[in-house]
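Below are the chains, spelled out letter by letter.
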Amino acid sequence: MESSSAAAVETAVTVPSPSTFDVSRRPDTAGLVLNSPRPPSLREELVGVVGKAFRPHGSGHGGDRRPPRWAWALAALQAVFPVLQWGRTYTLKSFRSDVMAGLTLASLGIPQSIGYANLAKLDPQYGLYTSVVPPLIYAVMGTSREIAIGPVAVVSLLLSSMVQKVVDPAVDPVTYRTLVFTVTFLAGVFQVSFGLFRLGFLVDFLSHAAIVGFMGGAAIVIGLQQLKGLLGLSRFTNSTDVVAVAKAVFSALHDPWHPGNFFIGCSFLIFILATRFIGRKYKKLFWLSAISPLLSVILSTAAVYATKADKHGVKIIREVHAGLNPSSVKLIQLNGPYTTECAKIAIICAVIALTEAIAVGRSFATIRGYKLDGNKEMIAMGFSNVAGSLSSCYVATGSFSRTAVNFSAGARSTVSNIVMAATVFIALEFFMKLLYYTPMAVLASIILSALPGLIDIREACNIWRVDKMDFLTCLGAFLGVLFGSVEIGLGVALAISFAKIIIQSLRPQVEVLGRLQGTNTFCSVRQYPVACRTPAVQVIRIDTSFLCFINATFIKERIMEWVRAEVDTSNEKVRERVHSVVLDMSNVVNIDTSGLVGLEETHKELESLGIQMAIASPGWQAIQKMKLAHVVDRIGEDWIFLTVGEAVEGCLTAHKGSAMEC
């Protein structure tokens, strides 16, 4: 039994002998690592960022011919105005499809825009204004063919909940509108900057789990806010948390209220949801769910007018200002007392609006089989909001519900946005007087009908099943919005996400590697137990992209822990004592001064134990900094290798040579 177990151990540690890999015939790969060209500096990268956005396709590939200046100018124009590219192949058939989609979109967009303006604590016409100018700008600058631009529920709530903390719209509506337009302008400027400087990663700070939780919490808060219109309440809280809203509803119910508002709101909510169910079940009847909000407005307005229900407690919109968007240039204040607060609100609104728009655009682009350019989308969205802020609009973005309708209606390009904007403009010019008797309860029912699409319980369950830490982010965002505020929800989600990143950065994986028998492939012995550890050579992989101050000490201690454990358990009868340690740094893209000090200290500690340290496949930035800090000189150029296999061969060969000398 003892002989069989010893044989098993010997088999487990059997690896190809050094003679299998003839070192003399191996190219000087250490020279390749050490003599690689200098990586681009930070200045060079920053200078090239903006130019990359406007570089003609293929200008940097396949040949030395530089494109003429007109090609650069045309490429720049096409980058800013994609309509110049796809407009050349636009057909009459596509135009017909876009006209029908635009009209269908307008039938949904008009009542929704009025309702979202009410949610943003603005007069109804401002929601309609936001459905005119931003869609027109996006139509010539955007890259998505299906996305529908306009006001959305989440951004409307976000805007009102934060701006009203600075100025109460009930006390000073003029200043409130001024701040809203200023926030919209600054949000547009931020969005353009994100696109120009390739800062799309800022949007990714809100993870998928955070967005799921945030949207779910916001949907419930928006629904609770609609109780004011649904119940016809005169007094209501400005707070958005569920506790304050519940208290406001409970106290308001002790006051006289009129059940007619509740009856109208619930009746048309059931009508809208029923038509949506029919539209989903019978795809050819998709238009029924699209026009149901407009039908609800028309029918409820006619019913209130015919029965004089407004005289019996049913609350109505009353006057809606008609006409084209008035200029709001003079209302934008960039040097007033509230500029700092506006900038803070603007950057939050900019990120949330971009996150929603890009998520919506990419989902439908995937269905149609084309790629959405995220940076161009940011620029298009930014200019849409800048132009909108100058023409009495508030923050606009892509709406999922309207985009779904636009897609189902057969939209082929952004021309559907133009048709929709023209239709809304005609309504502003000629039909606003007809909205006088529109009940507020119907607007509440239209908003409530759009909320189920924001609550994704199935995805939350999937997040729980896949990643518990991600679910914690989702739950934190949800509860933060529900019991705190929109800002608290976002803050909690960001805090948990950053805590997750910091924890992973503080304690990155440090894996012991073994060789798959018969190959020169090295992998984790924990993940692949069949991998054989090389006798006398400890191979350790550092699984972090940035070896820095936050993790350098942990990595050094972890490496030494593995090495000391290996040294203490070495048995001369079965396995040679460890004489070399190979650090696989293929995942280490960059390193800072703390990381360099950590490498030096690791080398010194290993040297004191009589163990040689070798480094395999360091990243481009990492090896350059190691050379500048003279770490390579201290370790020795002969101990820097291109691959782990070559490093192991070199260590075995060197040890064999030193043993023969002895």
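As the structure is a prediction and not an experimental result, all values here were calculated from the model.

Cut-off values and rules
Residues numbered from 1 in each chain as written. Predicted model: local features only at pLDDT ≥ 70, side-chain atom pairs only at ≥ 80, totals over all residues. Heavy atoms only, no water. Helix = DSSP H or I, 4+ residues; strand = E, 2+ residues; numbered from the N terminus. Buried < 20%, exposed > 50% of the residue type's maximum accessible area, 1.4 Å probe, protein only. Areas by Shrake-Rupley, 256 points an atom, 1.4 Å probe, with all protein chains shown as cover. Salt bridge = Lys/Arg side-chain N within 4 Å of Asp/Glu carboxyl O. Patch = residues over 30% accessible without salt bridge, like charges linked within 9 Å, V, L, I, M, F, W, Y side chains within 5 Å. Pairing = 2+ DSSP bridges. Expected span 1.5 Å × (residues − 1). Phe/Tyr/Trp six-rings, centres within 6.5 Å; stacked < 30°, edge-to-face > 60°.

Concerning the overall build of the protein
Inference 1: From N to C terminus, the protein includes 28 helices and 10 strands.
Inference 2: Taking all 662 residues of the protein together, the buried fraction comes to 50%.
Inference 3: When the accessible surface of the protein is totalled, it reaches about 31,800 Å², and 63% of it is carbon and sulfur.

So, the pattern of salt bridges
Inference 1: If you walk through the whole model with that rule in mind, you get 12 salt bridges.
Inference 2: A salt bridge links Lys556 to Glu605; the nearest nitrogen and oxygen atoms lie 3.8 Å apart. Within this pair, whereas Lys556 is found in helix H24 (residues 552-568), its partner Glu605 is found in helix H25 (residues 593-608), the two being separated by 49 residues in sequence.
Inference 3: The exposure class of Glu605 is partly exposed, given its relative accessible area of 25%.
Inference 4: One connected set of salt bridges, linked through shared partners, spans Lys556, Arg564, Glu601 and Glu605.

Quick notes on a nonpolar patch on the surface
Inference 1: Taken together, the side chains of Leu324, Phe425, Ile426, Phe430, Phe431 and Leu434 define a hydrophobic patch exposed on the protein surface, amounting to about 630 Å² of accessible area.
Inference 2: Structurally, Phe431 is set in the loop between helix H19 (415-430) and helix H20 (440-450).

Some words on the pairing of strand E5 (residues 537-543)
Inference 1: With six of its seven residues buried, E5 lies for the most part within the structure.
Inference 2: Looking at chain direction, strand E3 (residues 509-515) and E5 are connected through five bridges and run antiparallel. Across the sheet, Val512 pairs through a bridge with Ile540, a residue of E5.
Inference 3: Summarising the sheet, E5 and strand E7 (residues 580-584) pair through five bridges and their orientation is parallel. Residue Val539 lies in a different strand from E7, and its bridge partner there is Val582.

Some points on H24
Inference 1: Across its 17 residues, H24 extends 24 Å between first and last C-alpha, which sits within 8% of the 24 Å expected from 1.5 Å per residue.
Inference 2: Among all positions of H24, only Ala552, Phe554, Ile555, Lys556, Ile559, Met560, Val563 and Glu566 are buried.

Thoughts on the packing of aromatic side chains
Inference 1: Inspection of the entire model under this criterion finds nine aromatic pairs.
Inference 2: For the ring pair Trp86 and Tyr90, a centre distance of 5.7 Å and an interplane angle of 65 degrees mean the geometry is edge-to-face.
Inference 3: Since its relative accessible area comes to 26%, Trp86 is described here as partly exposed.
Inference 4: Plain terms: the ring middles of Tyr126 and Tyr129 are 5.6 Å apart, the flat faces sit at 90 degrees to each other, and that makes the pair edge-to-face. Of this pair, Tyr126 and Tyr129 both sit in helix H7 (residues 124-129), separated by three residues, roughly a single helical turn. Of the two residues, Tyr126 and Tyr129, neither departs from the other in class, the shared state being buried.

Take it as geometry only, folks, not as evidence of what the structure does.
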